Amino acid sequence: MLTVLSMFYYICLRRRARTATRGEPMNNRRAIESNRALPINVEVVQYAKEVLDFSSHYGSENSMSYTMWNLAGTPNVYPSSGDFTQTAVFRTYGTWWEVCPSARSPFTRTPPNFHSHDYVELAFDEPVYPTAIHVLETYHPGAVVRILACSASPYSQTLPAEVRWEILWSEPPTKVNSPQARRFAPSIKRINFPTNLIRLEVNSSLLDYYTELDAVVLHGLRERPVLSLNTSLIDMNDLDDDDDEEDGEQDSCSMDILNKQFSAVAFKEWTTNGYFDKLPYELIQLILSHLAVPDLCRLSQTCKLLYQHCCDPLQYIHLSLQPYWARINDTALEYLQSRCILVQWLNLSWTGNRGTISLSAFSRFLKVCGSELVRLELSCGHFLNEACLEVIAETCLNLQELNLSSCDKLPPQAFNHIAKLCNLTRLILYRTKVEQTALLSILNFCSDLQHLSLGSCVMIEDYDTIASMMGAKCKKLRTLDLWRCKNITENGIAELASGCPLLEELDLGWCPTLQSSTGCFAHLARKLPNLQKLFLTANRSVCDSDIDELAANCTNLRQLDILGTRMVSPASLRKLLESCKDLSLLDVSFCSQIDNRVVLELNANFPNVLIKKSFTQ
């Protein structure tokens, strides 16, 4: 009996020596046999080394205030709370950007688990197996909805054969009642590869004001973590290795037989499709129109009838691939190509980065599917180059809407091709390197433009010349974003206001060369009675007379931002609120004459208006 027990114990030790957990090599056999502890896998704690990419930010391209670059390194503000310039801030918050005149119609079929509106990618010094990620939020927390890790090193000299993104944590947006700072540390999923590239995706739609992020901390192990072992506790599953192999062989044989049966059935010609034969073709199409793209692809593999329905180009009239950005590559475009010959709206935003989409694959796809395109979204498409824009100009002759937001890798000369798209009504060039010559050509040939975004376009030398061309050529212009344009003056504003009387939305935030003393804001108010949204953010010269002109002439005003002015009094704001009955958003943050007492009084008298006033602790 003793001999049997000794043999049993010896077999158990041998099995433990071979495997730590099932399928993983043991690091130290002696640690098992002598019951000593394994070497400690020390946890590494590191802040982000640099910011690699992002979709938007509140700040300027030429400074550090309110930019995503503030996420690199140790905290600047935390644990303090409030509105600080040393933090990272995205461009939008709430739902205000979805209800203004420049708002775009949403794509249907967005999967219910995709909530992301913006993102930022961070590189860290050392690849680790993540154990925790802490996001230091210093103002209006709660925007982060997804955290991902990438298998590719941002510091590798060659592109990997496969780029894999793994979701570490994901939740729908939630309302956080307090604007105070917090350390956000969600419980993350363990992954089987080391990473030093982390991506945060955010949704600010439930926030009362701009969220501010200060730093990101990555905790992780250098070696892949293994379960702790104890020889006094023997896992009985380890005794079943041989049995498992035998069972595996039996299962394999069973599966082979089952596969043969299924194969015989699959290729048999069915004479009926059951109740589906009784449904009108259009009704089946309507039912399938509620499925997301991956579900359509899976359903197409079930039977010939549903394959026919799922491959019908009418199912892909409006196609958004942005929710699947991590999986879209040349193969995916090739697979979808035959189904998208009638596509009219196409969203490829966030896709194709790190070499996953090639110029040849993109060109082939557009040459087959671009003839009917009316709307093309390519935000943050860093695979784009001049040849791509040339293909768009040559194949998408019916294009009316083009979004190149944050395509900051496009060379300036690439934008010359956009002038060939004469039917454009919407053009978004936010954070691009478009230059003055190319933009003047676009404005000259695309005279039907109604919506134009030039926010943070730092390569334009003379915005007065651009404004003059808009006034002369773009008579249908309804919305214009000139956020952080550095050199427009009262002369450009006068040309713009006189030539574009249909303007309903104008963003002149952080335009320091505009001065109220020249009468430019009063001129705007008199010439643009249809204004619904006006942002004069951080213009210190806005005064009571400007507000009085808005109250007298722009009674349709719905959103007004005068953050940072020192010369607006409570009396002029009351007059404005009484005249503009539809006003719903008023930002008076850092307006020195508008203190918290005035805000409370105005809130009580005008309850339908959300009056914003940020604070610094």
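Predicted model, so just to flag it, every value in this text is computed and none were measured. (Residues numbered from 1 in each chain as written. Predicted model: local features only at pLDDT ≥ 70, side-chain atom pairs only at ≥ 80, totals over all residues. Heavy atoms only, no water.)

1. Concerning the overall build of the protein
Step number 1: Scanning the protein from terminus to terminus reveals 16 helices and 21 strands.
Step number 2: Considering only residue pairs separated by 6 or more positions, the protein has 79% of its internal contacts joining residues 24 or more positions apart.
Step number 3: A total accessible area of about 28,500 Å² is found for the protein, and carbon and sulfur atoms account for 53% of it. (Helix = DSSP H or I, 4+ residues; strand = E, 2+ residues; numbered from the N terminus. Contact = heavy atoms within 4.5 Å. Areas by Shrake-Rupley, 256 points an atom, 1.4 Å probe, with all protein chains shown as cover.)

2. Let's talk about the packing of aromatic side chains
Step number 1: Inspection of the entire model under this criterion finds 17 aromatic pairs.
Step number 2: Taken together, a centroid distance of 5.5 Å and an interplanar angle of 70° make the contact between Phe107 and Trp345 edge-to-face. Note that Phe107 is positioned in the loop between strand 3 (88–89) and strand 4 (118–139) and Trp345 in strand 11 (residues 345–347), a separation of 238 residues in sequence.
Step number 3: Note on Phe107: relative accessible area 12%, which makes it buried.
Step number 4: Of the residues examined, Trp345 reaches a relative accessible area of 18% and is grouped as buried.
Step number 5: Arranged with centres 5.3 Å apart and planes meeting at 70°, the rings of Trp165 and Trp325 form a pair that is edge-to-face. Separated by 160 residues along the polypeptide, Trp165 in strand 6 (residues 165–170) and Trp325 in the loop between strand 10 (318–320) and helix 7 (330–337) bring together distant segments of the chain. Across the pair, exposure class does not vary: Trp165 and Trp325 are buried alike.
Step number 6: Each member of the aromatic cluster is reached from another via a ring pair, and the members are Tyr58, Tyr66, Tyr93, Trp97, Tyr139, Tyr209, Tyr210, Trp483, Trp510 and Phe535.
Step number 7: We note Arg199 situated over the ring of Trp325; from NZ or CZ to the ring centre the distance is 3.7 Å.
Step number 8: A cation over an aromatic ring shows up here: Arg375 above the ring of Trp345, its NZ or CZ 4.6 Å from the ring centre. (Phe/Tyr/Trp six-rings, centres within 6.5 Å; stacked < 30°, edge-to-face > 60°. Buried < 20%, exposed > 50% of the residue type's maximum accessible area, 1.4 Å probe, protein only. Lys NZ or Arg CZ within 6 Å of the ring centre and 35° of its normal.)

3. Considerations on helix 14 (residues 544–553)
Step number 1: Buried residues of helix 14: Asp546, Ile547, Glu549, Leu550 and Ala551, and no others.
Step number 2: For helix 14, the secondary structure elements touched by its buried residues are helix 13 (520–527), strand 18 (533–535), strand 19 (559–561) and helix 15 (570–579).

4. Quick word on empty space enclosed by the protein
Step number 1: The final tally for this structure, using the stated rule, is 5 cavities of 30 Å³ or more.
Step number 2: One number sums up the size of the largest cavity: a volume of about 100 Å³.
Step number 3: Around the largest cavity, the lining comprises 13 residues; the ones closest to its centre are Trp165, Trp325, Ala326, Asn353 and Thr356.
Step number 4: Across the lining of the largest cavity, the residue classes tally to 6 nonpolar, 4 polar and 3 charged. (1 Å grid on protein atoms, 1.4 Å probe; cavity = no way out; pocket = protein on both sides within 12 Å on 5 of 7 lines; lining within 4 Å. Points joined across faces, edges and corners; volume = space filled by probe spheres on them. Nonpolar A, V, L, I, M, F, W, Y, C, P; charged D, E, K, R; others polar.)

5. Description of the state of the cysteines
Step number 1: Here the structure, examined in full by the defined rule, presents 0 disulfides.
Step number 2: With no disulfide of its own, Cys380 lies closest to Cys407 among cysteine sulfurs, the gap being 6.7 Å.
Step number 3: Take Cys407: its relative accessible area is 1%, and that puts it in the buried class. (Disulfide = S-S within 2.5 Å.)

6. A short note on the layout of surface pockets
Step number 1: Approximately 1,500 Å³ is the volume attributed to the largest pocket.
Step number 2: If you list the elements that add at least two residues to the lining of the largest pocket, you get strand 12 (375–377), strand 14 (426–428), strand 15 (451–453), strand 16 (479–481) and strand 17 (505–507).
Step number 3: Of the residues that constitute the lining of the largest pocket, the class distribution is 13 nonpolar, 23 polar and 11 charged.
Step number 4: Estimated volume of the second largest pocket: approximately 670 Å³.

7. Section: the sheet that holds strand 10
Step number 1: What the 12 strands build is an open sheet, ordered 10-11-12-13-14-15-16-17-18-19-20-21; its pairing is parallel. Across the chains shown, the open sheet's two edge strands, defined by having one partner strand only, are strand 10 and strand 21 (610–612). Across the sheet, the mean angle from the axis of one strand to that of its neighbour is 5°, orientation sign disregarded.
Step number 2: Here strand 11 pairs with strand 12 via 3 bridges, running parallel. Across the sheet, Asn347 pairs through a bridge with Glu377, a residue of strand 12. (Pairing = 2+ DSSP bridges. Axes fitted to C-alpha atoms, helices over the stretch in contact; angles between N-to-C directions.)

8. A few points about the packing of helix 10 (residues 436–445) against helix 11 (residues 463–473)
Step number 1: Interhelical geometry of helix 10 versus helix 11 gives an angle of 10° and a closest axis separation of 9 Å. Our classification of the angle between helix 10 and helix 11 gives roughly parallel. Together, Gln436, Leu439, Leu440, Leu443 and Asn444 of helix 10 and Thr465, Ile466, Met469, Met470 and Lys473 of helix 11 make up the contact between the two elements.
Step number 2: Partitioning the contact of helix 10 with helix 11 into residue classes produces 6 nonpolar, 3 polar and 1 charged. (Parallel < 35°, antiparallel > 145°, perpendicular 65-115°, else oblique.)

9. Some words on the packing of helix 7 against helix 8 (residues 359–369)
Step number 1: Look at helix 7 against helix 8: their axes get within 9 Å of each other, and the N-to-C directions meet at 15°. It follows from the interaxial angle that helix 7 and helix 8 lie roughly parallel. With respect to the hand of their crossing, helix 7 and helix 8 are arranged in left-handed fashion. Together, Asp330, Leu333, Glu334, Leu336 and Gln337 of helix 7 and Ala361, Phe362, Arg364, Phe365, Val368 and Cys369 of helix 8 make up the contact between the two elements.
Step number 2: Its residues assigned to classes, the contact of helix 7 with helix 8 comprises 7 nonpolar, 1 polar and 3 charged. (Left-handed = near helix turned anticlockwise from the far one by under 90°.)

10. Side note on unusual backbone geometry
Step number 1: Cis geometry marks the peptide bond from Tyr78 to Pro79; its omega dihedral reads 10°.
Step number 2: You will see that Arg109, though not glycine, has its phi angle at about 65°, which is positive.
Step number 3: Relative to the assigned elements, Arg109 resides in the loop between strand 3 and strand 4.

11. Quick look at the side chain of Arg109
Step number 1: Lacking a salt bridge, the buried Arg109 has Asp295 as its closest oppositely charged neighbour, with an N-O distance of 8.8 Å.
Step number 2: Only 3.0 Å separates the side chain of Arg109 from the backbone oxygen of Leu288, close enough to count as a polar contact.
Step number 3: At a separation of 3.0 Å, a polar atom in the side chain of Arg109 contacts the main-chain carbonyl oxygen of Ser289.
Step number 4: Residue contacts for Arg109: discarding those within four places in its chain leaves Leu288, Ser289, His290, Leu291, Ala292, Leu296, Gln315 and Tyr324. (Lys, Arg positive; Asp, Glu negative; His and termini not counted. Salt bridge = Lys/Arg side-chain N within 4 Å of Asp/Glu carboxyl O. Polar contact = N/O pair within 3.5 Å; in protein donor to acceptor, adjacent residues only side chain to side chain.)

12. Some remarks on the pattern of salt bridges
Step number 1: For the structure on display, the rule yields 26 salt bridges.
Step number 2: Put simply, Lys476 and Asp448 hold a salt bridge, and the shortest N to O gap is 2.9 Å. Here Lys476 is found in the loop between helix 11 and strand 16, whereas its partner Asp448 is found in the loop between helix 10 and strand 15, with 28 residues between them in sequence.
Step number 3: Exposure remark for Lys476: the relative accessible area of 42% places this residue in the partly exposed category.
Step number 4: Linked by salt bridges that have partners in common, Arg104, Arg375, Glu377, Glu401 and Arg426 make up one network.

Everything listed is a geometric property; what it means functionally is a separate question.
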